[in-house]
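# Chain and residue survey
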Amino acid sequence: MKKLLLLFFLVGSYHSAFSWGKNGHRIVAAICELYMSKEAKEEMVKIMGPDYLAELANWPDYIKSEKGWKMADSWHYTTVHVGQSTQEVRNYYGKDEDINDALEAMDLMIDILRDDPVAIEWLEDKMEKNKAKPLRGSIKATALAFLTHIVADVHQPLHVGKNKDRGGNNITVLYFDERSNLHAVWDSKIIDQEQLSYTEFTHFINKTAPEMIREIQSASIDEWCNESILLREDIYNNIYNYTDRETGLPSFKWDYQHDYIPKVKDRLLKGGLRLAGLLNEILG
Ligand SMILES: [Zn+2]
């Protein structure tokens with residue numbers, strides 16, 4: 001029983017710190033809006049109302065506390081082991097009709113935004129069964145908020161995780177002398193340390209040469225994940241280069257911040273540009 005409870009606690013708490021922080025999601029959405037076509041923006045307003053995408057980008061995290069939306073907890077990440085391919089993960093999860101991870105969830109949301117009746121019916125059924133309320137009473141607004149959120153999440157390298165340490169949630173680290181964990185550092189602490197608002201942050205990173213934009217946007221969803229895996233492995237390989245003598249724990253301070261803030265900025269920027277590319281294609 002005790003073991004069961006512990007297991008429940010571990011599984012239940014898996015997602016508590018499991019997402020880019022609020023500003024990370026807003027930054028990706030704000031970058032996206034800068035690169036959306038007029039047509040796609042008009043369609044977005046029809047779906048969402050006149051709100052900014054950045055305001056609704058965190059909605060999939062807010063609803064985690066709602067019982068009806070428990071089914072969406074696993075939509076924020078995927079698990080790809082070292083040596084495994086995203087296609088193998090797709091094959092594995094594709095065996096049942098459920099939406100099990102971020103890859104399947106993104107495909108579903110894209111299909112819904114493309115008016116695919118099967119996808120729409122699937123999510124409407126699930127929501128009805130679980131008494132989960134759609135965003136603004138609209139299945140398309142729901143899908144758009146989820147897609148905006150999940151595209152950002154899979155650009156966070158520890159959201160394409162290894163499951164043994166729960167995407168780094170189980171790895172205790174010190175961040176500027178405070179106890180934290182590797183996942184939380186990557187979700188929000190590196191971003192928050194910069195002390196910028198999300199609009200300032202967006203302004204600072206929005207410096208892509210026009211000829212690069214198309215190249216960044218041409219990558220497939222599986223390539224986004226593969227980039228995240230490469231960065232993830234780099235993070236794991238280097239974690240003990242920053243060890244605190246007394247505690248033996250990885251201890252991240254300015255050196256870590258300087259080493260990795262360019263990567264964090266790169267992931268946020270790419271997430272935003274790619275979301276714009278996707279929405280221009282679907283809605284434009
Ligand atoms: Zn998330």
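All residue numbers here refer to positions counted from 1 along the written sequence of the relevant chain. Given that this is a predicted model, residues contribute local features only at a pLDDT of at least 70 and side-chain atom pairs are listed and counted only at 80 or more, while totals for whole chains, interfaces and linings are drawn from all residues.

The next point concerns the sheet that holds strand β5 (residues 251–252). Whether two strands pair depends on DSSP finding at least two bridges between them. In this description a helix means any DSSP run of H or I spanning at least four residues, a strand means any run of E spanning at least two, and both kinds are numbered starting from the N terminus. Spatially, the 3 strands line up as an open sheet ordered β4-β3-β5, and their pairing is mixed. The open sheet is flanked by β4 (178–181) and β5, the only strands paired with a single partner. Bridge analysis of strand β3 (residues 172–175) against β5 gives 2 bridges, and the strand direction is parallel. Each residue of the ladder has a partner; that of Tyr175, found in β5, is Phe252. Whether two residues are in contact depends on their C-beta atoms, placed from the backbone: they are in contact if these lie within 7 Å. The axes are straight lines fitted to the C-alpha atoms, using for helices just the contacting stretch, and the angles between their N-to-C directions are given from 0 to 180°. Sitting on the sheet, helix α10 (residues 182–193) is in contact with β3, β4 and β5, with an inclination near 95° to β4.

In terms of nonpolar packing, the biggest core is built from 66 residues, with Val28, Cys32, Ala105, Met109, Leu147 and Ile150 touching the most fellow members. Once residues within four sequence positions are removed from consideration, Met109 is found in contact with Ala143, Phe146 and Leu147. Buried Ala, Val, Leu, Ile, Met, Phe, Trp, Tyr and Cys residues whose C-beta atoms connect them within 7 Å together make up a nonpolar core. Buried residues are those with 20 or more other C-beta atoms within 10 Å of their own C-beta, exposed residues have 12 or fewer, and partly exposed residues lie in between; C-beta atoms are placed from the backbone.

The predictor attaches a confidence to each residue, and that confidence, scored 0 to 100, is pLDDT. On average, the protein scores 92 in pLDDT, and the residues at 70 or more come to 94%. Of all helices and strands in the protein, the one with the weakest mean pLDDT is helix α1 (residues 2–12) (44), whereas helix α7 (residues 102–113) scores best (98). Note on residues 1–17: pLDDT is under 50 here. Beyond four places in sequence and across chains, it has 8 contacts.

Moving on to the packing of helix α2 (residues 22–34) against helix α14 (residues 254–283). The interhelical angle for the contact between α2 and α14, taken along N-to-C directions, is 45°, at an axis separation of 7 Å. In terms of axis orientation, α2 runs oblique to α14. Relative to α14, the crossing made by α2 is right-handed. Contact residues: Gly24, Ile27, Val28, Ile31 and Cys32 in α2; Leu268, Leu269, Gly271, Gly272, Leu273, Leu275, Ala276 and Leu279 in α14. Looking at side-chain class alone, the contact of α2 with α14 contains 10 nonpolar, 3 polar and no charged residues. By definition in this entry, angles of less than 35 degrees are roughly parallel, angles greater than 145 are roughly antiparallel, angles of 65 to 115 are roughly perpendicular, and the rest are oblique. By convention the crossing between two helices is left-handed if the near helix lies anticlockwise of the far one by an angle smaller than a right angle, and right-handed if it lies clockwise. Side-chain classes follow a simple rule in which Ala, Val, Leu, Ile, Met, Phe, Trp, Tyr, Cys and Pro form the nonpolar group, Asp, Glu, Lys and Arg form the charged group, and the remainder, Gly included, forms the polar group.

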